[in-house]
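Inside the fold
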Amino acid sequence: MKQVGDVRGKVTIVGAGQAGLALGIGLIRFGFDVTIVSDRTADEIRDGRVTSSQCMFDLAQGFERALGINFWDDECPLIEGLRISAFLPQFPENPANTWSAALGGPARSVDQRLKMPRWMEEFERIGGTLKIESATVDSLEEYAETSDLVVVAAGKGAIAGLFETDTARSPYREPQRSIAMFYVDGLAKPSGRSMVEFSIIPEIGEYLTYPALTAQGPCDIMLFESIPGRAWDVWSPTDSNDELLSRAKGLLAEYLPRELRRAQEIALIDDNAALIGRLTPTVRKPVATLPSGAAVLGMADVVVLNDPITAQGSNNASKCADIYLQKIIRHSGDYNRAFMSDAFGEYWKTAGPATAFTNQFLSSPSPRHARDLQMAAAQYPEIATRFAHCMNDPRDTVDWILDRDGAYRYTSEVANRYMNFPMAS
Ligand SMILES: Cc1cc2nc3c(=O)[nH]c(=O)nc-3n(C[C@H](O)[C@H](O)[C@H](O)COP(=O)(O)OP(=O)(O)OC[C@H]3O[C@@H](n4cnc5c(N)ncnc54)[C@H](O)[C@@H]3O)c2cc1C
């Protein structure tokens with residue numbers, strides 16, 4: 001039996017992102033020999049394009065705190081609440097429905113170009129091996145031969161294609177939003193708390209803003225989620241930054257003039273601060289089999305890729321790292337397929353509701369009960385607060401946001417309570 005202090009096993013992780021680095025750092029702390037394979041150096045990430053808006057809620061940050069890698073807690077602007085406002089195109093000045101609520105604990109968004117290089121440095125400092133290469137099937141074979149466990153945490157990298165799509169859990173065959181994201185200086189703050197400001201224009205798209213921390217200090221992120229083929233689907237990655245920003249302002253002028261007033265003075269924080277793209281939400285089977293027959297375990301975006309509309313991906317990645325870490329350190333015996341399926345099964349308990357919640361937000365039109373819940377949240381602070389807390393823990397969506405009958409049962413319970421009526425039996 002291995003003694004405390006012995007190396008407990010060798011794990012190779014492909015991908016130095018939110019999931020791979022957090023898992024790698026955690027495993028080293030528990031005595032594992034860990035190699036992380038990254039297709040980009042720290043400098044390339046630092047000097048590269050923005051990758052995400054990475055708003056992370058309290059539970060997901062908790063794992064980073066537990067690992068001691070929450071290096072930016074003091075400098076990062078706090079995101080204290082969530083406001084959701086729905087606008088009709090014919091009445092752009094005033095929302096048809098709006099509500100806001102505090103988040104349980106503050107959310108934070110740290111530019112991944114700042115975070116990942118620092119985590120790579122920390123990973124190496126505590127004894128991890130960082131290998132810079134783009135992993136291929138052949139290299140996965142090599143890692144599988146020399147490691148007890150290979151985890152693929154390569155995000156949206158092409159290597160995720162090794163994992164078979166789980167068609168039963170993947171309702172979409174194409175992107176549901178075209179995405180435009182900007183890191184900017186000069187966005188005026190709305191009055192009051194610093195919030196995720198989420199504006200919905202039904203059947204056109206959504207617009208989100210929140211503060212973030214980047215290498216140069218605090219900034220704001222603007223995220224347009226545009227329904228393909230509709231009026232906001234105007235983004236091209238070949239457009240210049242000036243063209244993109246002027247297009248963004250044009251959409252705000254027409255659809256969200258209050259948001260345009262906030263955005264009069266904006267400028268991108270650097271030349272790489274705009275991201276244009278689209279992704280197809282996809283759930284994959286957690287275990288891929290290499291030509292040799294060896295099995296590798298998929299993690300985070302590789303196996304559960306969601307649209308960013310509900311800001312769940314980095315949160316899921318952190319939770320996945322936490323769950324896989326707990327599974328690996330508690331396991332005795334081979335890290336075989338049964339182990340891998342079990343680890344993913346545990347992750348799916350949280351990623352499943354997050355996926356269903358996200359897909360409900362993507363649906364256009366959204367289900368009737370979901371629209372009614374938005375109205376109820378505007379009327380009853382208790383409902384608004386519970387909704388906001390679901391961003392942190394989407395498992396709580398299951399018996400109301402995701403369940404039509406549960407939604408109406410809960411809203412009438414709350415309404416009855418507010419009116420001082422006895423609870424319905
Ligand atoms: C526009 C946008 C906005 C978003 N906003 C939010 C948000 O507000 N909140 C939130 O929680 N999530 C958000 N997300 C999602 C979030 O960024 C991702 O879900 C999260 O980063 C996934 O973590 P990961 O570790 O799985 O992958 P990543 O963080 O993408 O890391 C994967 C790494 O693997 C590397 N890699 C790829 N292929 C290979 C290979 N073959 N060999 C070696 N290395 C490889 C990549 O270069 C990358 O460094 C957003 C995403 C987008 C696109």
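Residues numbered from 1 in each chain as written. Predicted model: local features only at pLDDT ≥ 70, side-chain atom pairs only at ≥ 80, totals over all residues. Heavy atoms only, no water.

**Some points on the environment of alanine 288**
Residue position: alanine 288 is located in strand 15 (residues 287-289). Residue classification places alanine 288 among the buried positions, given a relative accessible area of 2%. Note: C-alpha distance between alanine 288 and leucine 213 (75 residues apart in sequence) is 36 Å. Setting aside chain neighbours within four positions, we find alanine 288 in contact with Leu162, Phe163, Ala294, Ala295 and Val296. (Helix = DSSP H or I, 4+ residues; strand = E, 2+ residues; numbered from the N terminus. Buried < 20%, exposed > 50% of the residue type's maximum accessible area, 1.4 Å probe, protein only. Contact = heavy atoms within 4.5 Å.)

**Details of the site of the ligand**
Neighbouring the ligand are 36 residues; Asp39, Ser52, Ser53, Tyr210 and Ser314 lie closest to it. Within the side chain of glutamine 112, a nitrogen or oxygen atom sits 3.0 Å from an oxygen atom of the ligand. One of the side-chain N or O atoms of asparagine 315 is found 2.9 Å from an oxygen atom in the ligand. Contact with the protein chains removes 93% of the 990 Å² of surface that the ligand exposes when unbound. The element contributing the most residues to the shell around the ligand is helix 8 (residues 313-330), with 4 residues. In terms of residue class, the shell around the ligand is made up of 16 nonpolar, 16 polar and 4 charged. (Near = heavy atom within 4 Å. Polar contact = N/O pair within 3.5 Å; in protein donor to acceptor, adjacent residues only side chain to side chain. Areas by Shrake-Rupley, 256 points an atom, 1.4 Å probe, with all protein chains shown as cover. Nonpolar A, V, L, I, M, F, W, Y, C, P; charged D, E, K, R; others polar.)

**So, the pattern of salt bridges**
Counting across every chain of the model gives 28 salt bridges. For lysine 156, the salt bridge goes to aspartate 301, with nearest N and O atoms at 3.9 Å. Highlighted residues: lysine 156 in the loop between strand 7 (149-152) and strand 8 (178-185) and aspartate 301 in the loop between strand 16 (295-298) and strand 17 (304-305), separated in sequence by 145 residues. A network of salt bridges, in which partner residues are shared, links Arg29, Arg118, Glu121, Glu122 and Arg125. (Salt bridge = Lys/Arg side-chain N within 4 Å of Asp/Glu carboxyl O.)

**So, helix 3 (residues 58-67)**
Burial in helix 3 covers these residues: Ala60, Gln61, Phe63, Glu64 and Leu67. Projection of helix 3 onto a plane perpendicular to its axis shows the buried side chains occupying an angular sector of 145°, all on one side. Where helix 3 is buried, its residues meet helix 1 (18-29), strand 3 (55-56), strand 5 (97-109), helix 4 (112-125) and helix 8. Looking one or two residues beyond helix 3, the residue adopting positive phi is glycine 68, at roughly 75°. (Arc of directions from axis to C-beta.)

**What to know about the confidence of the model for the protein chain**
When pLDDT is averaged across the protein chain, the result is 96; 97% of the residues are at 70 or more. Below a pLDDT of 50 lies the segment residues 1-5, which in the model reaches 3 contacts outside its immediate sequence neighbourhood of four places, other chains included. (pLDDT = per-residue confidence, 0-100.)

**What to know about unusual backbone geometry**
In the segment running from serine 364 into proline 365, the intervening peptide bond is cis, with an omega of 0°. Note that proline 365 resides in the loop between helix 9 (337-362) and helix 10 (368-379). With a phi close to 50°, alanine 300 is a non-glycine residue in the positive phi region. With respect to the helices, strands and loops of the structure, alanine 300 is situated in the loop between strand 16 and strand 17.

**Concerning the nonpolar core**
Grouped together as the largest cluster of nonpolar side chains are 71 residues, with contacts concentrated most on Leu82, Phe182, Phe198, Met222, Phe224, Trp232 and Trp235. In this structure, phenylalanine 182 is in contact with Asp220, Ile221, Met222, Phe224, Trp235, Leu244, Leu245, Ala248, Leu268, Ala273 and Ala274, ignoring residues within four places of it in sequence. Core analysis: the second largest hydrophobic core is formed by 67 residues, Leu130, Val151, Val152 and Ala160 among them. (Core = buried A, V, L, I, M, F, W, Y, C linked by side-chain atoms within 4.5 Å.)

**Points about the side chain of glutamine 54**
Here glutamine 54 is to be found in the loop between helix 2 (42-46) and strand 3. With a relative accessible area of 6%, glutamine 54 lands in the buried category. At 2.7 Å, the side chain of glutamine 54 and the side chain of tyrosine 183 are in polar contact. Residue contacts for glutamine 54: discarding those within four places in its chain leaves Arg108, Ser109, Val110, Asp111, Gln112, Tyr183, Ile221 and Ser314.

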